[in-house]
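# Observations on the three-dimensional arrangement
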Amino acid sequence: MKYILFSFFFVIQPIASCNIKELTVEEKVSDFTFLIETLKCNYPYFDAYECKYGESWLSKSEFFLDRVLASRNNKEYLVLIDSIVESLHHKHVDLAPTYHWELFRSRYGEACLMNSRYMAWVNTLDQSQNEISYWNNLLAKDETNVLKTKEEITYKDSLMPELKTAILRISSFDMEHLREDSRKINEFLHLTSSYNYIIIDIQGNKGGSSLYWIKGIVNRLIYRPLYFKRCFVFKNGKQNNFFFSREKATNGNLKLFSALPPSFRTDTFKVIEETTTFYPTLPVPFKGKILILTDSKVFSAADEFASFAQSASWATIVGETTGGGGVGTDPVLIRLPFSGIIIRYPALAGLNTNGSLHSETIPDIEIRGTDPNERLHRLIDMIRLKSPFIIPTL
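Here is a short report on the structure shown in this document. Remember, it's a predicted structure, so these values are computed and weren't measured experimentally. (Residues numbered from 1 in each chain as written. Predicted model: local features only at pLDDT ≥ 70, side-chain atom pairs only at ≥ 80, totals over all residues. Heavy atoms only, no water.)

Right, let's get into the pairing of strand S10 (residues 342-345). Burial of the side chains of S10 extends over both faces: Ile342 and Arg344 are buried on one face and Ile343 and Tyr345 on the other. Pairing of strand S9 (residues 332-335) with S10, which is carried by 4 bridges, proceeds in the antiparallel orientation. Of the residues in S10, the one forming a bridge with Arg335 is Ile342. Linkage of S9 to S10, two consecutive antiparallel strands, is achieved through a turn of 6 residues, within which Gly340 is found at a positive phi near 80°. (Buried < 20%, exposed > 50% of the residue type's maximum accessible area, 1.4 Å probe, protein only. Helix = DSSP H or I, 4+ residues; strand = E, 2+ residues; numbered from the N terminus. Pairing = 2+ DSSP bridges.)

Take a look at the structure:
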């Protein structure tokens, strides 16, 4: 499950910078070599990159190294490391724990109160506490080093009594909004008990915390325990094992998953199987049909929500294929030993129920449109026209 915010709408003001000297060429090379070797032994998606882009990312290491050697100062080096990891073209591979260190530290500190396994994340972040403000200040965009917070409304709701249809629009699963949004959702759901449909519009939702959709939505709309079974594969590397040392992993089972790419069906990878049980919490007496509206921007914890709803037959997924990234857990952290720069990457590759690699959630009913509003209106038209695909069994 995912507990940390993945889509950022604001930047925290940097704290006072400490004194850090310019890195030597040898220190930069050591940092870079550590990064490449760690990814090589732990990152699971190199074959997927090669299949998509027609070249090996690791084969470009010498090219990257030449650029590292040519970097003239720490700022150029930081920007270069950022561009190198971004070239993997995965939304969960970036320097977010460096640029948003205080936010990550706060959220993982909170997560530790619920699950001590997150101490691995906290300890890694704490190792860079003295360096992080220096790297943040290198990228300050104005003289005061203050970036304005971007406010965004993440929750809206509406009722269509004539169609007995309720609409929830949730553009972020940010834990910061959970308490207030849960109150609003609770009040809203109590108005829907006699309705036929609840549309949960998560178009544009780039993720956040799984707890948002579990506590705020699912637990309120179930009447018995519901199970979310997931299976992951991960490389048997030192970094992965440090972060998932408490997980019960096995090897050899991968040969049973014939739908997996051949590169995953080797002894290099291990399997983790996990089942999460959701329990009703003051359930709302709704007996209609739940429709989850998605688009290609739905990612991370939002994609996980869609994947759960589909695999558990809890809701019907309508709209566009998601952006993926949902069947897994929080990305693992890499701390570069000399600079203290922290990079994250997804360690667990999630599997679909048929054993194939999860890359996206495909809707049960495809609805196309040029923008989110058009797709929503087309779904409403299907309800209005009593489409046989979405008529609920009452």
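A few words on the nonpolar core. With 62 residues, the main nonpolar core has Leu39 and Trp57 as its most contacted residues. Looking at this core element by element, the count peaks at 6 residues for helix H4 (residues 74-86). Formed by 38 residues, the second largest nonpolar core is a distinct cluster that contains Leu178, Tyr195, Ala301 and Ala309. (Core = buried A, V, L, I, M, F, W, Y, C linked by side-chain atoms within 4.5 Å.)

What follows concerns helix H12 (residues 301-311). Structural remark: α-helix, 3.6 residues per turn; residues separated by three or four positions point the same way. Judged by how many residues are buried, H12 sits mostly within the fold: 9 of 11 residues are covered. Three or more residues of H12 are buried, namely Ala301, Ala302, Asp303, Glu304, Phe305, Ala306, Ser307, Phe308 and Ala309. Of the surrounding secondary structure, the elements contacted by the buried residues of H12 are strand S3 (197-201), helix H10 (210-216), strand S4 (226-235), strand S6 (269-278), strand S7 (289-294) and strand S8 (316-319). Ser313 lies just past H12 and shows a positive phi near 55°. (Contact = heavy atoms within 4.5 Å.)

Our focus in this paragraph is the packing of aromatic side chains. Enumeration according to the criterion identifies 25 aromatic pairs in this entry. Between the aromatic rings of Trp213 and Phe305, the centroid separation amounts to 5.3 Å while the plane-to-plane angle is 40°, which identifies the pairing as tilted. Within this pair, whereas Trp213 is found in helix H10, its partner Phe305 is found in helix H12, the two being separated by 92 residues in sequence. Neither Trp213 nor Phe305 differs from the other in exposure class; each is buried. An angle of 25° between the planes, with centres 5.3 Å apart, marks the rings of Trp213 and Phe308 as stacked. Taken as a pair, Trp213 in helix H10 and Phe308 in helix H12 lie far apart in primary sequence, 95 residues in all. Given the relative accessible area of 0%, Phe308 is considered buried. Grouping aromatic residues by their ring pairs yields a cluster made of Phe104, Tyr108, Tyr118, Trp121, Phe234, Phe242, Phe243 and Phe244. (Phe/Tyr/Trp six-rings, centres within 6.5 Å; stacked < 30°, edge-to-face > 60°.)

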